Amino acid sequence: MKKKLRVREFLIEAFLFLSAVSSIFITLSIVIVLFYESFGFFKEVPIIEFLTGTQWTPLFAEPKFGVLPLVAGTLLTTAIALSVALPLGLITAIYLSEYAPHRVRETVKPILELLEAVPTVVYGYFALLFLTPILQKFIPDLSGFNALSPGIIMGIMIIPYVSSVSEDAMRAVPMHIKEGSYAMGATRLQTAFKVVIPAAFSGIAAAFIMGISRAIGETMVVAIAAGMMPNFTFNPLESVQTFTSYIVQVSLGDVPHGTLEYKTIFAAGIVLFFMTLFFNIFGFFLKSKLREKY
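Rules behind the numbers
Residues numbered from 1 in each chain as written. Predicted model: local features only at pLDDT ≥ 70, side-chain atom pairs only at ≥ 80, totals over all residues. Heavy atoms only, no water. Helix = DSSP H or I, 4+ residues; strand = E, 2+ residues; numbered from the N terminus. Contact = heavy atoms within 4.5 Å. Salt bridge = Lys/Arg side-chain N within 4 Å of Asp/Glu carboxyl O. Buried < 20%, exposed > 50% of the residue type's maximum accessible area, 1.4 Å probe, protein only. Domains from an automatic or database assignment. Buried area = accessible area lost by both parts, 1.4 Å probe. Expected span 1.5 Å × (residues − 1). Bend = angle between axes of the 7 residues up to and from the residue. Phe/Tyr/Trp six-rings, centres within 6.5 Å; stacked < 30°, edge-to-face > 60°. Axes fitted to C-alpha atoms, helices over the stretch in contact; angles between N-to-C directions. Parallel < 35°, antiparallel > 145°, perpendicular 65-115°, else oblique. Left-handed = near helix turned anticlockwise from the far one by under 90°. Nonpolar A, V, L, I, M, F, W, Y, C, P; charged D, E, K, R; others polar. Core = buried A, V, L, I, M, F, W, Y, C linked by side-chain atoms within 4.5 Å.

Novice: Looking at this structure, how should I read the side chain of Thr191?
Specialist: Looking at the element boundaries, Thr191 is found in helix α8 (residues 188–199). When neighbours within four sequence positions are excluded, Thr191 is seen to be in contact with Lys178, Ser181, Tyr182, Ala186 and Val196.

Given below as structure tokens:
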């Protein structure tokens with residue numbers, strides 16, 4: 001009997017170890033492919049031109065390989081999304097954590113998290129066919145393809161990530177800290193903003209970083225509603241192109257494999273990889289530095 005248990009335990013440990021190793025192997029394989037294909041691109045295109053150029057037209061007769069228009073489009077849509085998701089997500093988390101009765105919390109939170117289950121293609125067409133016409137009634141200069149509409153929809157998509165993680169962090173704050181604030185005469189709102197949020201700030205910061213990474217990596221919403229025009233602009237009323245939408249455009253199969261134009265998707269991908277990696281590392285150190293121990 002003991003021998004069977006040992007064999008079973010060994011098989012379970014081996015399976016868990018292989019699962020962990022395979023995930024690391026897959027991640028390293030992705031990074032190696034990105035660097036290998038990008039190296040072939042940078043052998044033909046100077047990296048200074050790539051990082052400082054303001055024109056991105058690799059599929060034109062006279063190609064230009066300045067990546068700044070894609071950087072601007074990605075940062076612009078991400079900034080709009082965060083301006084929607086962060087305040088609304090934090091307010092929602094405060095309500096669920098400090099104000100909502102137990103029955104309301106257990107009902108609202110799963111419904112809110114259902115937003116994550118909606119396909120991003122649906123969100124993209126919702127931004128293009130519903131939100132953009134409404135915004136055009138108030139902003140006549142708004143282009144049919146623009147950064148504002150998909151940015152707002154991306155913000156709505158991110159709200160469940162921000163609110164759920166932030167609410168979990170606030171709920172983890174020990175009750176005696178809150179009770180001490182109430183004993184000093186503080187109201188619920190004062191306790192939430194001056195006691196709970198500072199105590200849970202590391203978890204809230206992690207939620208914000210998760211939201212940033214989610215917004216930067218969003219594909220279908222911007223591919224459908226933001227257009228495919230790589231403008232070096234920070235005007236949300238104009239059409240823009242992000243890294244992910246460009247990768248979708250080139251990956252449709254019209255560009256021959258192995259050409260310089262094809263390799264641009266790996267050059268764009270490696271920039272996107274470093275942007276996401278930077279925010280994830282920043283969030284890790286921020287969470288570690290600000291974590292409260294009780």
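Novice: Honestly, the pattern of salt bridges in this entry has me stumped. Any pointers?
Specialist: Close approach of charged atoms allows side chains of opposite charge to pair. In total, this model carries six salt bridges according to the counting rule given. Glu98 is the salt-bridge partner of Lys178, the closest N and O atoms lying 3.2 Å from each other. Remark: Glu98 occurs in helix α3 (residues 68–99) and Lys178 occurs in helix α7 (residues 175–183); sequence separation between them is 80 residues. Neither residue differs from the other here; Lys178 and Glu98 are each classed as buried. Across the pair Glu218 and Arg214 runs a salt bridge whose closest N-O atoms are separated by 2.8 Å. With relative accessibility at 4%, the residue Glu218 sits in the buried group. Salt bridges here are not isolated pairs; linked through shared partners, they connect Arg105, Lys109, Glu167, Asp168 and Arg171.

Novice: How should I be thinking about the domain arrangement of the protein in this particular structure?
Specialist: Interface size is commonly expressed as the accessible surface area that is lost when the partners come together. What the domain assignment reports for the protein is domain 1 (2–44) and domain 2 (68–293). Centre-to-centre separation of domain 1 and domain 2, based on C-alpha positions: 29 Å. Each partner contributes to the interface: domain 1 provides 10 residues, whereas domain 2 provides nine residues. On the domain 1 side of the interface with domain 2, the three residues burying the most area are Leu34, Glu37 and Phe41, jointly 52% of the side's total.

Novice: Which parts of the structure should I look at to understand α3?
Specialist: Each α-helix turn comprises 3.6 residues. Residues three or four places apart therefore point the same way. Compared with the 46 Å implied by 1.5 Å per residue over 32 residues, the 45 Å span of α3 between its first and last C-alpha is a close match. The principal kink in α3, of about 25°, is found at Leu82.

Novice: So what exactly am I meant to see when it comes to the packing of aromatic side chains here?
Specialist: The full count for this structure, using the stated rule, is 13 aromatic pairs. Here Phe35 and Phe274 contribute two aromatic rings whose centre-to-centre distance is 6.0 Å and whose plane-to-plane angle is 90°, an arrangement assigned as edge-to-face. One end of the pair, Phe35, is in helix α1 (residues 2–42); the other, Phe274, is in helix α12 (residues 260–290), and 239 residues separate them in sequence. Judged by relative accessible area, which is 40%, Phe35 ranks as partly exposed. For Phe274, a relative accessible area of 43% puts it in the partly exposed group. Aromatic pair Phe42 and Phe50: ring centres 5.1 Å apart, planes at 80°, arrangement edge-to-face. The class of Phe42 is partly exposed, set by a relative accessible area of 25%.

Novice: I'm lost on the packing of α3 against helix α4 (residues 102–113) in this one. Help?
Specialist: Close contact between α3 and α4 brings their axes to 9 Å; oriented N to C, the two are set at 150°. By the angle between their axes, α3 is roughly antiparallel relative to α4. α4 is crossed by α3, and the crossing has left-handed handedness. Contacts between α3 and α4 involve Thr92, Tyr95, Leu96 and Ser97 from the first element and Val104, Arg105, Val108, Lys109 and Leu112 from the second. Its residues assigned to classes, the contact of α3 with α4 shows five nonpolar, two polar and two charged.

Novice: I keep staring at the nonpolar core and nothing clicks. Help me out?
Specialist: Across soluble globular proteins, nonpolar side chains show a tendency to be buried alongside one another. Residues Phe41, Phe50, Trp56, Val67, Leu70, Phe243 and Tyr246 are the most contacted members of the largest nonpolar core, which totals 54 residues. Elements supplying a minimum of two residues to this core: α1, α3, α5 (120–138), α6 (148–171), α9 (201–216), α10 (220–225), α11 (243–250) and α12. The contacts of Leu70, once residues within four sequence positions are left out, are Trp56, Pro230, Gln241, Thr242, Phe243, Tyr246 and Ala268. Residues Met170, Val173, Val196 and Ala200 belong to the second largest nonpolar core, which totals 12 residues.

Novice: It is not clear to me how α9 should be interpreted in this structure. Could you clarify?
Specialist: Helix length check: α9 (16 residues) gives 22 Å between terminal C-alpha atoms against 22 Å at 1.5 Å per residue, within 8%. The set of residues buried in α9 consists of Ser202, Gly203, Ile204, Ala205, Ala207, Ile209, Gly211, Ile212, Ser213, Ala215 and Ile216.

Novice: What is the right way to look at the side chain of Ser149 in this model?
Specialist: Relative to the elements of secondary structure, Ser149 occurs in helix α6. Setting aside anything within four residues of it in sequence, one finds Ser149 in contact with Ala127, Leu131, Thr132 and Leu135.

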